[in-house]
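# Architecture and fold: a report
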Amino acid sequence: MLRKPRILGVSFLQGRLQMAEVEHGRTVQLTALVEGESTTDLTHAAHELTPDHPQLDVFVKELRALLTSHKLSPEKISFALPTAPLFINLIPIDPTLAGPALKAHLAWEMQQFYPENDPKDFMLGSDIIPAADGGASQAFMVGLPRGLVGFVQRAAQELKLKMSIVDVDQFSVEKTVLLNYPEILEHAIVLFGLRSGAVDASLIHEGRMTDYRLYTMEPDTDPTWAITAYLHYLQDRSIPEPAALILHGSDIPKEFVAALREETGIKQTVALNAVRKLPVAKSVHAPFVKASYRFGAAIGLALRTQ
């Protein structure tokens, strides 16, 4: 009997690797959650890493050790890159642009923000957000350092795993939210990614991400100010109060969720339950299931077959 294919999602959070393995058969099932220390800094060293960087061997050993010790044998691997070193912006765009014309336009946009950088050093892409009224469109523009992408691709090659997806951490969590909270997707919800020194904030409307902002701060600063700042930003744009706030990322105590609920007045303020509607194998480490908000990006990647 042929084994059902498995996909491994890998994310990075404050010096640790998160892995989620999902089996794709007639029923999709989470088969493993793994976390381990990493000496590979994809945030601060992102623009230095290349496929031939000396850190590659260390990174591959870290990944292989976790795969071996937890007896994981996926066919494919995907990586969620931390947002801080990436170029992410909302830009106005002509939806008819395609091919070389679109590529040239994205390079031009990149140079407006970072004139000292060569756009060729980035893999540039965009995702159009259709205008509800049929008017001018906006798009998410993302620039991934080409060397960093090559670094994780080479790691997959060294592990003899098929490379599937390289995505952005906050964007990867969207898939996890869509699966686990279908009853609120007709409303506007806000997704916050918490990590020491930064908060990712994005608006999901009718099941689609339509806005994104990154807030940076001193490490160990209470992230409440960034969360309320984003909610005020949405209010200033005449966007109705979101029906829910969903939190993921680093440790999210129940007391913090309760205090944030009180501060914002939004009753549906919750830490992401990344396995709320995802079947979980009995062998999956129970404490990680309980704290599945740390694995939102890794699970979102492992759920994607393309």
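Residues numbered from 1 in each chain as written. Predicted model: local features only at pLDDT ≥ 70, side-chain atom pairs only at ≥ 80, totals over all residues. Heavy atoms only, no water.

Among the 10 residues that make up strand β3 (residues 28-37), seven are buried, leaving the element largely enclosed by the rest of the structure. A loop of three residues connects strand β2 (residues 16-24) with β3, the two strands running antiparallel in sequence. (Buried < 20%, exposed > 50% of the residue type's maximum accessible area, 1.4 Å probe, protein only. Helix = DSSP H or I, 4+ residues; strand = E, 2+ residues; numbered from the N terminus. Pairing = 2+ DSSP bridges.)

Right, let's talk about the sheet that holds strand β8 (residues 162-168) for a bit. Taken in spatial order, the five strands line up as β3-β2-β1-β4-β8 in an open sheet, and their pairing is mixed. Edge positions in the sheet fall to β3 and β8, since each has one partner strand and no second. Strand-to-strand twist of the sheet, defined as the mean angle between neighbouring strand axes without regard to direction, takes the value 20 degrees. In the sheet, strand β1 (residues 6-13) pairs with strand β4 (residues 76-81) via four bridges, with the strands oriented parallel. Note that in β4 the partner of glycine 9 across the bridge is serine 78. Across the sheet, helix α4 (residues 169-180) is in contact with β1, β4 and β8; its angle to β8 comes to roughly 105 degrees. (Axes fitted to C-alpha atoms, helices over the stretch in contact; angles between N-to-C directions. Contact = heavy atoms within 4.5 Å.)

Moving on, we come to the pattern of salt bridges. This model, assessed by the stated rule, comprises 13 salt bridges. Here glutamate 37 ties to arginine 16 by a salt bridge, and the two come within 2.3 Å at their closest N and O atoms. Of this pair, glutamate 37 sits in strand β3 while arginine 16 sits in strand β2; the two residues are 21 residues apart in sequence, bridging distant segments of the chain. On the basis of relative accessibility, which here comes to 57%, the residue glutamate 37 falls in the exposed class. We classify arginine 16 as partly exposed; its relative accessible area is 26%. In the salt-bridge network here, residues are joined through shared partners; they are Arg16, Glu35, Glu37, Asp251 and Arg294. (Salt bridge = Lys/Arg side-chain N within 4 Å of Asp/Glu carboxyl O.)

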